[in-house]
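Examining the three-dimensional arrangement
For reference, the chains in residue letters:
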Amino acid sequence: MLKIALTLGALALAAPATAQVPDFPASFKTQEIATNGATIHVRVGGQGPAVVLLHGYGETGDMWAPMAADLARNYTVVVPDLRGLGLSSKPASGFDKRTQAGDVAGVLDALKIEQADLVTHDIGNMVGFAFAAQHPRRVGRFALIDAPVPGVGPWEDILKNPLLWHFRFGGPDMERLVAGRERIYLDRFWNEFSATPARFSEASREHYAKLYALPGAMHSGFAQFAAFDQDAIDNRAYLAAGGKLAMPVLAIGGEKSFGTAMAAVMRAAATDVSEGVIPDSGHWIMEENPTATVAMVRAFLDKGR
């Protein structure tokens, strides 16, 4: 059962913090890769076997900077912004995760990378799962962090959780309601899904709110959720046709969020699943406990070397 934390303190705005949004190492290069009807903003650095880091809603690839800096010591690290979010282009369509898996394939092709490990969070889990299901030979190891996968395991029960109201937030007025109020809307996520909201710093909130206020960004974010019904259909079809994922999977939950429920979800879709829990953390694992998150992910990836 989900253990998503909701406390009175989490409902208040986080106190301002002095921490800044972490930068990627200077050795990382950015490029814009045109593929599959979108232009994907990508950061690439390091050397060695490839690992792709996929972000989720409420953030961009910038969330991964501390992990990218650590992994770049002996991995080639590839960090895209999902289509419609961050500095990637904002196409009118293509937000089903099957299509976005094609974005990932196109990025890897452009970088001449045949196989990579995946590390994913939130919506990134769903894009990563679609990629792994369609291209199992291109994925070495797969770490998913703190979000369900449409159509997989207890998906229908997860949809009933009132804290996940945003999965069904839609209608003709939703974009008009949040236009110019992106920070108010996003603060609710950063606060409610944190064990300690103040750890999601004021600098990070300002940074991401500006990116989500870019033209087309909020539309793209809503479209990510609106695609869930199609994603569930696609994922069930993948599992029916190809069976469960065979690559090693690490299912990580925040202690005050999905916890061990992440492993329960992935055992319905993969044969080799290990579970991990990030202590003293809610959903925003890279803000709330980056040290434990990086250590757990690195230990998992290093087992494949």
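Rules of the game
- Residues numbered from 1 in each chain as written.
- Predicted model: local features only at pLDDT ≥ 70, side-chain atom pairs only at ≥ 80, totals over all residues.
- Heavy atoms only, no water.
- Core = buried A, V, L, I, M, F, W, Y, C linked by side-chain atoms within 4.5 Å.
- Buried < 20%, exposed > 50% of the residue type's maximum accessible area, 1.4 Å probe, protein only.
- Helix = DSSP H or I, 4+ residues; strand = E, 2+ residues; numbered from the N terminus.
- Contact = heavy atoms within 4.5 Å.
- Phe/Tyr/Trp six-rings, centres within 6.5 Å; stacked < 30°, edge-to-face > 60°.
- Lys NZ or Arg CZ within 6 Å of the ring centre and 35° of its normal.
- Pairing = 2+ DSSP bridges.
- Axes fitted to C-alpha atoms, helices over the stretch in contact; angles between N-to-C directions.
- Parallel < 35°, antiparallel > 145°, perpendicular 65-115°, else oblique.
- Nonpolar A, V, L, I, M, F, W, Y, C, P; charged D, E, K, R; others polar.

On to the nonpolar core, then. Ranked by internal contacts, the top residues of the largest apolar core, which has 93 residues, are L53, V77, V119, F142 and M266. For this core, the leading source of residues is helix α4 (residues 123–134), giving seven residues. Setting aside anything within four residues of it in sequence, one finds V77 in contact with F28, R43, V44, G45, V51, L53, A68, L71 and A72.

Let's shift gears to the packing of aromatic side chains. Here the structure, examined in full by the defined rule, presents 11 aromatic pairs. Centroid distance W190 to F200: 4.9 Å. Interplanar angle 20 degrees. Geometry classified as stacked. Of the two residues, W190 is situated in helix α7 (residues 182–192) and F200 in the loop between α7 and α8 (202–212); the sequence distance between them amounts to 10 residues. Here W190 and F200 have matching classes, each one buried. Just above the ring of F300 sits the side chain of R141; from NZ or CZ to the centre is 4.4 Å.

It is worth spelling out the sheet that holds strand β4 (residues 76–80) at this point. Read from one edge to the other, the open sheet built from eight strands follows the order β1-β2-β4-β3-β5-β6-β7-β8, with strand pairing classed as mixed. The open sheet terminates on both sides in strands that have one partner only, identified here as β1 (29–35) and β8 (273–278). Direction aside, neighbouring strands of the sheet carry axes that sit 20 degrees apart on average. Where strand β3 (residues 50–54) lies against strand β5 (residues 116–121), five bridges are found, and the strand directions are parallel. Bridge pairing links V51 to D117 in β5. Along the sheet face, helix α13 (residues 290–302) touches β3, β5, β6 (139–145), β7 (249–254) and β8 and points at about 155 degrees away from the line of β6.

In contact at an axis separation of 8 Å, helix α3 (residues 97–110) and α4 are set at 75 degrees when each is read in the N-to-C sense. Compared by their axis directions, α3 and α4 come out roughly perpendicular. Residues K97, R98, Q100, A101, V104, A105 and L108 of α3 touch α4, and the partners they reach there are I123, M126, V127, A130, F131 and Q134. Of the residues assigned to the contact of α3 with α4, the class counts are nine nonpolar, two polar and two charged.

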